[in-house]
Amino acid sequence: MITVIGSINMDLVVQTNDFPIQGETTFGDLFTTVPGGKGANQAVAAARLGGQVNMVANVGNDVFGEELILNLAENHVNADHVKKSTNTASGIANILLSDGDNRIIVVPGANYELSPTQIDQVKTIIQKSTLVVLQLEIPIPTIDYILQVCDELNVPVLLNPAPAAGFDKQFMDKIDYLTPNETECEQIFGTNIETALEQHPNQLIITLGSEGARYFDGEKHVVVKGFKTKVVDTTGAGDTFNGALAYAIAEGFGLERAVHFANAAGSLSVEKFGAQGGMPSQSEIEERLIDARFS
Ligand code: RIB
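Residues numbered from 1 in each chain as written. Predicted model: local features only at pLDDT ≥ 70, side-chain atom pairs only at ≥ 80, totals over all residues. Heavy atoms only, no water.

**Structural notes on the site of the ligand**
Step number 1: In the neighbourhood of the ligand, the contacting residues comprise Asn9, Asp11, Gly36, Gly37, Lys38, Asn41, Ala93, Val106, Glu137, Gly236, Asp239 and Ala275.
Step number 2: Asparagine 9 is positioned such that a nitrogen or oxygen atom in its side chain is 3.1 Å from an oxygen atom of the ligand.
Step number 3: Within the side chain of aspartate 239, a nitrogen or oxygen atom sits 2.7 Å from an oxygen atom of the ligand.
Step number 4: Here the ligand, which alone exposes 280 Å², has 95% of that area covered by the protein. (Near = heavy atom within 4 Å. Polar contact = N/O pair within 3.5 Å; in protein donor to acceptor, adjacent residues only side chain to side chain. Areas by Shrake-Rupley, 256 points an atom, 1.4 Å probe, with all protein chains shown as cover.)

What follows is the structure, encoded as structure tokens:
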């Protein structure tokens, strides 16, 4: 069982190739609302692959909150521990989508009410988990507290440091897998990537976008190549990678196989619109793995 503790947002997506400058108004091409938030995305990615997943999070007592909880249920994520805040609105992400790439502004709302007290209420769930999955769209003191709890309960943690700004390097002692992209890695460790990897063997897994991902196994650098893909929307690709990696680790895959599997999931996710729109099923990943073997 995987427990994801993190954010849920409603993504407000504007597709445009015409960005306004200060004081200007421009027309966009399309507006859509779709479920998102790095926590929820990673939970849905793992559940779509057949993982048993709990989500611990907060939404607002509003229409978005209702929709976001319903979406988790539809994706077979246990949302019993998603609370409705009475004080704050649901988190949203304002996403500008252009040529398959994005710019995102997150307004955390209820996500920032996730407190250590709420974590105390789910200690039994944490204790029963094979893996706890975290990102950094909830308050950093809560992250610190979750890491302490997981350490005490001896439950492994996968932390995706996105956004990386609040990450404290001392957290590394209580994290089993850290999955930054290259920029986040440099922000966190302030060294070159090779040095950071060599200091954290089999713990630091750096995602490289379409190039795949890499880690250091204690003796050598391992680059696990990405897959050929046709990009429609990269939103949620990192989350799909993390959700699939969590699933594979919880299933007992070795690290190289788990990263290969997660790369395949990430490559499929970008082929459809929306953070969760392209998240693959087990059979879609198997198909991609077979296709890659014969191409
Ligand atoms: O990683 C993509 C996610 O980041 C979006 O779904 C958005 O909600 C932001 O949290």
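**Concerning the pattern of salt bridges**
Step number 1: Following the criterion strictly, the structure yields five salt bridges and no others.
Step number 2: The shortest N-O distance in the salt bridge between lysine 84 and glutamate 66 comes to 2.3 Å. Placement of lysine 84 in strand β5 (residues 77-85) and of glutamate 66 in helix α2 (residues 63-74) is noted, with a sequence separation of 18 residues between them.
Step number 3: Judged by its relative accessible area of 35%, lysine 84 is partly exposed.
Step number 4: Residue classification places glutamate 66 among the partly exposed positions, given a relative accessible area of 45%.
Step number 5: The partner of arginine 214 in a salt bridge is glutamate 194, with the nearest N and O atoms 3.2 Å apart. In this pair, arginine 214 is assigned in strand β12 (residues 212-216) and glutamate 194 in helix α7 (residues 193-199), connecting sequence segments 20 residues apart.
Step number 6: For arginine 214, a relative accessible area of 15% puts it in the buried group. (Salt bridge = Lys/Arg side-chain N within 4 Å of Asp/Glu carboxyl O. Helix = DSSP H or I, 4+ residues; strand = E, 2+ residues; numbered from the N terminus. Buried < 20%, exposed > 50% of the residue type's maximum accessible area, 1.4 Å probe, protein only.)

**Observations concerning the layout of surface pockets**
Step number 1: What the second largest pocket holds in volume is close to 180 Å³.
Step number 2: For the second largest pocket, the full set of lining residues is Gly226, Phe227, Lys228, Arg288, Asp291, Ala292 and Ser295.
Step number 3: Each residue belonging to the lining of the second largest pocket can be placed in one class, and the counts come to two nonpolar, two polar and three charged. (1 Å grid on protein atoms, 1.4 Å probe; cavity = no way out; pocket = protein on both sides within 12 Å on 5 of 7 lines; lining within 4 Å. Points joined across faces, edges and corners; volume = space filled by probe spheres on them. Nonpolar A, V, L, I, M, F, W, Y, C, P; charged D, E, K, R; others polar.)

**Section: unusual backbone geometry**
Step number 1: Proline 163 follows alanine 162 through a cis peptide bond whose omega is -10°.
Step number 2: Relative to the elements of secondary structure, proline 163 occurs in the loop between β9 (157-159) and β10 (177-178).
Step number 3: We note that asparagine 154 has phi near 60°; this positive angle belongs to a residue other than glycine.
Step number 4: Topologically, asparagine 154 is positioned in the loop between α5 (140-153) and β9.
Step number 5: We classify asparagine 154 as exposed; its relative accessible area is 68%.

**Remarks on the sheet that holds strand β3 (residues 30-36)**
Step number 1: With mixed pairing, the four strands of this open sheet are ordered in space as β3-β2-β6-β7. The outermost strands of the open sheet, each flanked by one partner alone, are β3 and β7 (101-107). With strand direction ignored, the average angle separating the axes of adjacent strands in the sheet is 20°.
Step number 2: Taken together, the seven bridges between strand β2 (residues 9-15) and β3 define a ladder with antiparallel strand orientation. Bridge pairing in β3 places aspartate 11 opposite valine 34.
Step number 3: α2 rests against β2, β3 and β6 (91-98) of the sheet, and its axis sits at about 100° to β2. (Pairing = 2+ DSSP bridges. Axes fitted to C-alpha atoms, helices over the stretch in contact; angles between N-to-C directions. Contact = heavy atoms within 4.5 Å.)

Nothing here speaks to function; it is geometry throughout.
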